[in-house]
Amino acid sequence: MLMSSSAGSRAGAVKRVRRQLPTSPWLFAAPGLLIIGAFILYPFVSTLVNAFTDRRTLIPGEFVGLANFRELLHDDMFWIGLRNSTLYVLGVVPALVILPLLLALLVQKNIPGITFFRSAFYTPVVASIVVVGLIWVWLLDERGLVNSLLEAVGVGRIGFLSDQWLLLLSAMTVTVWKGLGYYMIIYLAALAGVPRELHEAAAVDGAGAVRRFLTVTVPAVRSTMALVGALSSVAAFKVFSEVYLMAGPSGGPAGEDTTLVMLVQRTGTGLTGRVGYASAISVVVFVVTVALMLLVLRADRRGSA
C-alpha cells in the first residue's frame, strides 16, 4: 500500500509539473529566434534597405533607387576591389582544397608523436588573426626576419608589403597557413569513413600510392572537397583581416590592394561614412558569395552523377 501510494504521489507531481511547463514549442525556440533576428535578419534587411538610399552615418537617407549600383559601375575602386577579391579566391581556394587533404593523409597515420603534430597544425586556427597578421608583418617587413635572411645570402631585400602583387600573395599565404588545420580536421572526419578494404584491394591490383589517392581517396571524399571549396570560396571572397593588417587601412600602395570588404569598411565608417553606398557594395558581396557556393555545389553534383 505504501509503495502504491508513493508511486501515485510521484505520478501526480509529474502531471502538475507538466501542466506548469509551456506547451508551445515556439516558447522554447524563442531565445534562438530572437538572437537570429537581432544579429542576422535585422542587419541583413537593414543593409538591403540602405543599399537603395543615400544614407550617411549621422544623416537619415532618402530613397535613391538604383543610383548606388549605377555609381558602382563607374567606380574604379570598386573594380579594383572586385579584381583583388576574385584573385584571392583563385589563389586561395585550390590550395585550401588540396593541401589540407594531403596533410590529413599524413597525420592520419598512427605513428609515435602524431598527436603533437596534429595539435601543432591546428594551432594557427585558434590563434587570433590579429596576432597572426602582426607576426607575418614582422617576418615580411622591409627590415623583418625574412628580408634579413635574404640579404645575408646575397639575394637582397624584397618588398613583400610594398609591392601590390607581392602583398596580395603574402596575404594569401597567411590565409592558407591559418586555414590548413581547420580543413584538415574536416578531411580527417571524411577519411575515417573510407573503408580500408578499398585501399587494400587497389594495392593488390598493383596500384601505387598516387593511383590509390586518385582512384580511391579522391572519389570517396569528393563531397567533402566540394564543402571545403564552398566554405573557402566564401571566406576568401570576404577576406578582410589579412589584407587590412598587412596593407594598412589605405589598402597598400595607392589603394591597389583593396578588397571589396575593405572598401565597405573604408566607405561606410566614420562620421561622414556613406552607409548607403557601402550597403550596395555589401549586397554585391552577398550575391557573389551565394553564386560561388551554388557553382561549387552544382559542380559537385555533376561530378557525382
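Scoring rules and cut-offs
Residues numbered from 1 in each chain as written. Predicted model: local features only at pLDDT ≥ 70, side-chain atom pairs only at ≥ 80, totals over all residues. Heavy atoms only, no water. Salt bridge = Lys/Arg side-chain N within 4 Å of Asp/Glu carboxyl O. Helix = DSSP H or I, 4+ residues; strand = E, 2+ residues; numbered from the N terminus. Buried < 20%, exposed > 50% of the residue type's maximum accessible area, 1.4 Å probe, protein only. pLDDT = per-residue confidence, 0-100. Phe/Tyr/Trp six-rings, centres within 6.5 Å; stacked < 30°, edge-to-face > 60°. Contact = heavy atoms within 4.5 Å.

Visitor: It is not clear to me how the pattern of salt bridges should be interpreted in this structure. Could you clarify?
Guide: Across all of its chains, the model carries three salt bridges by this definition. A salt bridge links Glu 71 to Arg 274; the shortest N-O distance between them is 2.9 Å. With a gap of 203 residues between them, Glu 71 in helix 3 (residues 67-73) and Arg 274 in the loop between helix 13 (260-268) and helix 14 (275-304) connect regions that are remote in the sequence. The exposure class of Glu 71 is partly exposed, given its relative accessible area of 32%. Residue classification places Arg 274 among the partly exposed positions, given a relative accessible area of 27%. For the salt bridge of Arg 83 with Glu 256, the shortest nitrogen-to-oxygen distance reads 3.5 Å. Taken together, the positions of Arg 83 in helix 4 (residues 76-107) and Glu 256 in the loop between helix 12 (241-247) and helix 13 put the pair 173 residues apart, joining distant regions of the chain. Residue Arg 83 is classed as partly exposed on the basis of its relative accessible area of 30%.

Visitor: Mind showing me how you'd approach the confidence of the model for the chain here?
Guide: Low-pLDDT stretches of the model should not have their predicted coordinates read in fine detail. Per-residue confidence for the chain averages 86 on the pLDDT scale, and 89% of its residues sit at or above 70. Of all the helices and strands in the chain, helix 1 (residues 2-20) carries the lowest mean pLDDT, 54, while helix 3 carries the highest, 95.

Visitor: What's the story with the packing of aromatic side chains in this structure? I'm lost.
Guide: On inspection of all chains with the given rule, the structure shows eight aromatic pairs. Look at Phe 78 and Trp 79: their rings are 5.3 Å apart centre to centre, the planes differ by 70°, and that puts the pair in the edge-to-face class. By relative accessible area, Phe 78 is classed as buried at 5%. Trp 79 sits in the partly exposed class, given a relative accessible area of 40%. Centroid distance Phe 240 to Tyr 244: 4.9 Å. Interplanar angle 20°. Geometry classified as stacked. Three or more aromatic residues joined by ring pairs make a cluster, and in this case those are Phe 116, Phe 117 and Phe 121.

Visitor: What exactly am I supposed to notice about the environment of His 199 here?
Guide: Along the chain, His 199 turns up in helix 9 (residues 196-204). The class for His 199 is partly exposed, based on a relative accessible area of 26%. Note: C-alpha distance between His 199 and Arg 212 (13 residues apart in sequence) is 6.6 Å. Ignoring anything within four residues of it in the chain, the contact list for His 199 reads Val 194, Arg 212, Val 216 and Thr 217.

Visitor: Quick question: what am I supposed to make of the side chain of Gln 164 here?
Guide: Take Gln 164: it is sitting in helix 8 (residues 164-191). Those residues in contact with Gln 164 that sit more than four places away from it in its chain are Arg 83, Glu 256 and Asp 257.

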